[in-house]
Amino acid sequence: MRAARTTLRICCLTLCCLATPFTLAQGLPAQQKGADASRLDYRLVPRQIATDLWVIEGAVDDFSRSNGCNIINTGFIATAQGTLVVNTGPSRLYGEQQRAAIRRQTGQPVQQVINLNLHPDYFLGNQAWQDVPVQALAGTMAGQRAEGKAYEDNLFRLCGDWMKGTEHRPATQAVTPGMRDFGGHRIELLRLSGHTADDLVLIDHERSVLFAGGLVFADRVPTTPHANLAHWLESLDQLEQLVRKLGIRTLVPSHGPVVRGLEGIAQTRDWLQWLQATLRDSAEQGLDLGEVIRLPVPDRFAQWAAQPAEFVRSVHHLYPAYERQALRGPAVTAR
Amino acid sequence: MKQVEDPGTKPAPGSLSRRRGLQQGIGALLGCLAPGLWSLPAIAQAEADHSGGDPLESMQWPLLRRRFIGSEPMRFNPAVEVKGPPMADDAMNVPLIVDARGLLRQGLEIDRIVIVADRNPVQHVATFMPRQARPMLALRFRLEQASPVRALVRTVDGQWHVGHSWINAAGGGCTVPGASRSDGSWSRTLNQVQARLFPNLLEGRGARLRLQVMHPMDTGLVAGIPAFHLEELELRDSAQQPWLRIELHEPVSENPLLTFEFEQRPPGPLMLLGRDNNGNRIEQEVR
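In this text, all values refer to a predicted model and were calculated from it rather than measured experimentally.

1. Some details on the overall build of chain B
A count of helical and extended segments in chain B gives six helices and 16 strands. A burial count over chain B gives 43% of its 287 residues as buried. Counted over contacts in chain B with a minimum sequence separation of 6, partners at least 24 positions apart contribute 66%.

Here's what the structure looks like:
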């Protein structure tokens, strides 16, 4: 099962249409240039979003050679006692260039690296951080071990030279959720689920900044290779309550512009609810998967990045369970 | 892997590829300038086209044609629709819709629909004999690499009508064990049938039958796992009249989920009969 599942998920996770998706938010913040494929230079430019706190934003797009598979938002918290890095990008090269960019920005040594979930762009850069403890939830570490090789193969196929020399290095320390002190910052780690079985959320209570991991997408179609929609929607409700309770000022989504992060909660919820209803209704009407992938997507989602490729992928991941339920009655619960 | 700009688009009947069009254009030009050199373009074209006139320029087409159509007359016909995904996101479950109702509108009667994938290690996916069903179906199949996928439709007058489309894929679908083979669960569910009749919403009349037969559908291309697949299914009404028949081959996805349509809801109860290549039988009432 493992091998087949893995192959299947990999196919589903990262295959992309070669067509460039239309998007309002295409590209990067104004001051940041996109990747330079001729020099294999991601041109990573950290952007400060709070005191001691930076993000490095990926392209708001699907994986492609032109962006070097860099579509992830990573970040770091630099304190007088050292630096904490959140996510390490899609390749060895990204990890190395991320490390250089952080060194240029802060004089402090990096003491800790955290991977927020098991997907490839959260951890394939770990190779550049092998002298630093790399932390993740235990379930994430198991997933990284099981799927890492297939992720390498798939991103090589999609992004070619950018991936040269990339070998997956799973996180080395299982992390326990809870509150901790990091250089005078109260850092809270929270375990939620739904995007994957183990979604880590990092909150800097000092700066009112929340790294939402894969649970929140902004202006970009959410990905679903390991998704459980019901759990994901519950997690979004929890995140919304937290944002209100803690007065979160900046929410860093996994994909999409950070300035749109807080809107991303409502966007992600809206998409997941529409997807869930569409899949359920289609199965009850007796539609085949091949018909569902051709259904029109409402205007409010049509301009998001990775549309329609990501919708088509999600139908492949999720629809078969809804079909089985429609054929068998309510005994089986679709995810 | 062959790349095309728009894999979902079927060429118009008789349309030429750019390359062949160019060669013919040059040939015509030469013919005008030097009437004595008539043989030149013919030679150039014969050398260039190894695909037997296939609009998708597939080198496998001439052999496929010989194997499945033989010497009977054949033409490419856009009335036969073959719809796959633009990209096979999951190479083990590629959704395919074949619709030959366009031929009915041309006053033709359908004998059978043969579905093939040019570049699969096993090319033959299925053969569908619609009988009293509409000449359309949806199924999922395994794709080993990007390939033309075709519906070869034989009408009862002995003429073949071919529709096709390109499906891009990362591939590998035929040579990886399915989930139920990998976890061993196939033996607990073998040949169980789930089926449901739906009112046909799209046209407001008729009925749609969706059915799933649990079967590992092993292709025989995974080391140590011999080919083990459903071979045929037939749907009969209470008067033993056949409503449709389908032969399934190795590339059909694990736990085949098939969709058929009828002009009228068949009088129930219906029986689904069938067998796999190990002789296991299927006999299941469908309500």
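That was the structure; now back to the text.
2. A short note on the environment of Gly247(A)
All names here are of chain A. Tracing the chain through its elements places Gly-247 in the loop between helix H5 (229–246) and strand S12 (250–252). On the basis of neighbour counts, which here come to 8 C-beta atoms within 10 Å, the residue Gly-247 falls in the exposed class. In this structure, the C-alpha to C-alpha distance between Gly-247 and His-205, residues 42 residues apart in sequence, is 9.5 Å.

3. Re helix H6 (residues 261–285) of chain A
If you check H6(A), its first and last C-alpha atoms are 36 Å apart, about what 25 residues at 1.5 Å a residue would give, namely 36 Å. Backbone geometry just after H6(A) places Gly286(A) at a positive phi near 85°.

4. Thoughts on the sheet that holds S12(A)
Residues and elements named next belong to chain A. Read from one edge to the other, the open sheet built from five strands follows the order S8-S9-S10-S11-S12, with strand pairing classed as mixed. Of all the strands in the sheet, the pair left with one neighbour each is strand S8 (178–182) and S12. Across this sheet, the average inter-strand angle for adjacent strands is 20°, counted without regard to direction.

5. Describing the sheet that holds strand S3 (residues 74–79) of chain A
Residues and elements named next belong to chain A. Across the sheet, seven strands lie side by side as S1-S2-S3-S4-S5-S6-S7; this open sheet has mixed pairing. The open sheet has two edge strands, strand S1 (47–50) and strand S7 (173–174), and neither has a second partner. Relative to S3, strand S2 (residues 53–56) runs antiparallel, the two sharing four bridges. The residue bridging Val-55 from the neighbouring strand is Gly-75, located in S3. Running at roughly 150° to S2, helix H2 (residues 92–105) makes contact with S2, S3, strand S4 (82–86) and strand S5 (110–114) of the sheet.

6. Details of the packing of H6(A) against helix H9 (residues 309–328) of chain A
All names here are of chain A. One way to put it is that H6 packs onto H9 with a least axis distance of 9 Å and a crossing angle of 45°. One way to sum up the angle between H6 and H9 is to call them oblique. Between H6 and H9 the crossing geometry is right-handed. Along its contact with H6, which presents Leu-275, Leu-279, Arg-280, Ala-283 and Glu-284, the element H9 presents Ser-314, Leu-318, Tyr-319, Tyr-322, Glu-323, Gln-325 and Ala-326. Residues of the contact of H6 with H9, tallied by class, amount to seven nonpolar, two polar and three charged.

7. Some words on the nonpolar core
Generally speaking, soluble globular proteins have nonpolar side chains that are buried together. By size, the foremost hydrophobic cluster in this structure holds 89 residues, and its most contacted members are Val201(A), Leu210(A) and Ala212(A). Sort the elements by how many residues they give to this core and H9(A) lands first, with eight residues. Counting 62 residues, the second-largest nonpolar core is a separate cluster that includes Ala138(B), Leu152(B), Met217(B) and Leu258(B).

8. Overview of the pairing of strand S5 (residues 110–117) of chain B
Residue and element names in this part refer to chain B. The element S5 is largely enclosed, with a buried count of six among its eight residues. Note that S5 and strand S6 (residues 124–129) share four bridges and pair antiparallel. Within S6, the position partnered with Ile-115 by the bridge is Ala-126. Here S5 folds back onto S6 in antiparallel fashion, the turn holding six residues.

Conventions adopted
- Residues numbered from 1 in each chain as written.
- Chains lettered and ligands numbered in written order.
- Predicted model: local features only at pLDDT ≥ 70, side-chain atom pairs only at ≥ 80, totals over all residues.
- Helix = DSSP H or I, 4+ residues; strand = E, 2+ residues; numbered from the N terminus.
- Buried ≥ 20, exposed ≤ 12 C-beta atoms within 10 Å, placed from the backbone.
- Contact = placed C-beta atoms within 7 Å.
- Expected span 1.5 Å × (residues − 1).
- Pairing = 2+ DSSP bridges.
- Axes fitted to C-alpha atoms, helices over the stretch in contact; angles between N-to-C directions.
- Parallel < 35°, antiparallel > 145°, perpendicular 65-115°, else oblique.
- Left-handed = near helix turned anticlockwise from the far one by under 90°.
- Nonpolar A, V, L, I, M, F, W, Y, C, P; charged D, E, K, R; others polar.
- Core = buried A, V, L, I, M, F, W, Y, C linked by C-beta atoms within 7 Å.

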